[in-house]
Amino acid sequence: MSLLLDTSIVVKLVIEEPDSQRARTRVKEALKQGNTLLSVDEALPEALNTLWKHAKIHRDLPAEEAMRAADDLLLLWDKIMIIPSREIAIDALRIAIELELSIYDSLFLAASRKTTSTLYTANTRLHEASKDTFDSELLRET
Amino acid sequence: MKNTKIEWSEEIRQFIETRINSIELSEAVDEVAKRAEKRTTKIDSTKLIREDRER
């Protein structure tokens, strides 16, 4: 089995916020069980943009810590398997239309389907929209 | 001593690589967690990501 990390989980691994520790515990448990960790290439710019928002818009993260978080993000990024958006683009668009989700959400669902992995997300909207047809696990339910 | 060539099967090689990668990744998660203690934020990132995806 594989666990596909949504951006919401990836970010929780590099900063301290609600349910960060729970996310880490679940990720480590998956690794211990021999599961592969995956994500979609889209998660990197999304995660960086989230750090930028914390630092520059909401100002709840000092800029130097945002930079260090980005370093740690890359450290983890280089160790997980990344699915290129190109490989799942058509299926993602189909899912976006059928489920009325953004293409950003749908890329993760298409990746989950292609790799027969469980999507692990903290994103309730994504989980609720997809749980009947996709293998999805919501952070707060674990 | 006679030099014996050991042929590892592809499955065993992949299994070992995967396990090593999992252990390294698990250790990296712990290392990052320690450094992340200095990065406590007030706003949940999931909300920020959601804003971007629905724009």
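The preceding data block contains the structure.
Below, the structure is looked at part by part.

Cut-off values and rules
Residues numbered from 1 in each chain as written. Chains lettered and ligands numbered in written order. Predicted model: local features only at pLDDT ≥ 70, side-chain atom pairs only at ≥ 80, totals over all residues. Helix = DSSP H or I, 4+ residues; strand = E, 2+ residues; numbered from the N terminus. Rg over C-alpha atoms; globule rule 2.2 N^0.38 Å. Buried ≥ 20, exposed ≤ 12 C-beta atoms within 10 Å, placed from the backbone. Axes fitted to C-alpha atoms, helices over the stretch in contact; angles between N-to-C directions. Parallel < 35°, antiparallel > 145°, perpendicular 65-115°, else oblique. Left-handed = near helix turned anticlockwise from the far one by under 90°. Contact = placed C-beta atoms within 7 Å. Nonpolar A, V, L, I, M, F, W, Y, C, P; charged D, E, K, R; others polar.

This brings us to the overall build of chain A. When its secondary structure is counted, chain A shows 7 helices and 5 strands. The order of α-helices and β-strands along chain A, N terminus first, is β-α-α-β-α-α-β-α-α-β-α-β. Against the globule reference of 14 Å for 142 residues, chain A gives a C-alpha radius of gyration of 15 Å, in line with a compact fold. Each principal axis of the C-alpha atoms in chain A carries an extent, and together these give about 40 × 35 × 25 Å. Per-residue burial over chain A gives 44% buried out of 142 residues.

Moving on, we get to the packing of helix H1 (residues 7-14) of chain A against helix H3 (residues 43-57) of chain A. Residues and elements named next belong to chain A. Interhelical geometry of H1 versus H3 gives an angle of 50° and a closest axis separation of 9 Å. The angle between H1 and H3 falls in the class oblique. The way H1 lies across H3 gives a crossing that is right-handed. The segment H1 lies against H3, with Thr-7, Val-10 and Val-11 engaging Ala-43, Glu-46, Ala-47 and Thr-50. Its residues placed into classes, the contact of H1 with H3 shows 4 nonpolar, 2 polar and 1 charged.

A separate point is H1(A). A large share of H1(A) lies buried, amounting to 8 of its 8 residues. Of all the residues in H1(A), the buried ones are A:Thr7, A:Ser8, A:Ile9, A:Val10, A:Val11, A:Lys12, A:Leu13 and A:Val14.

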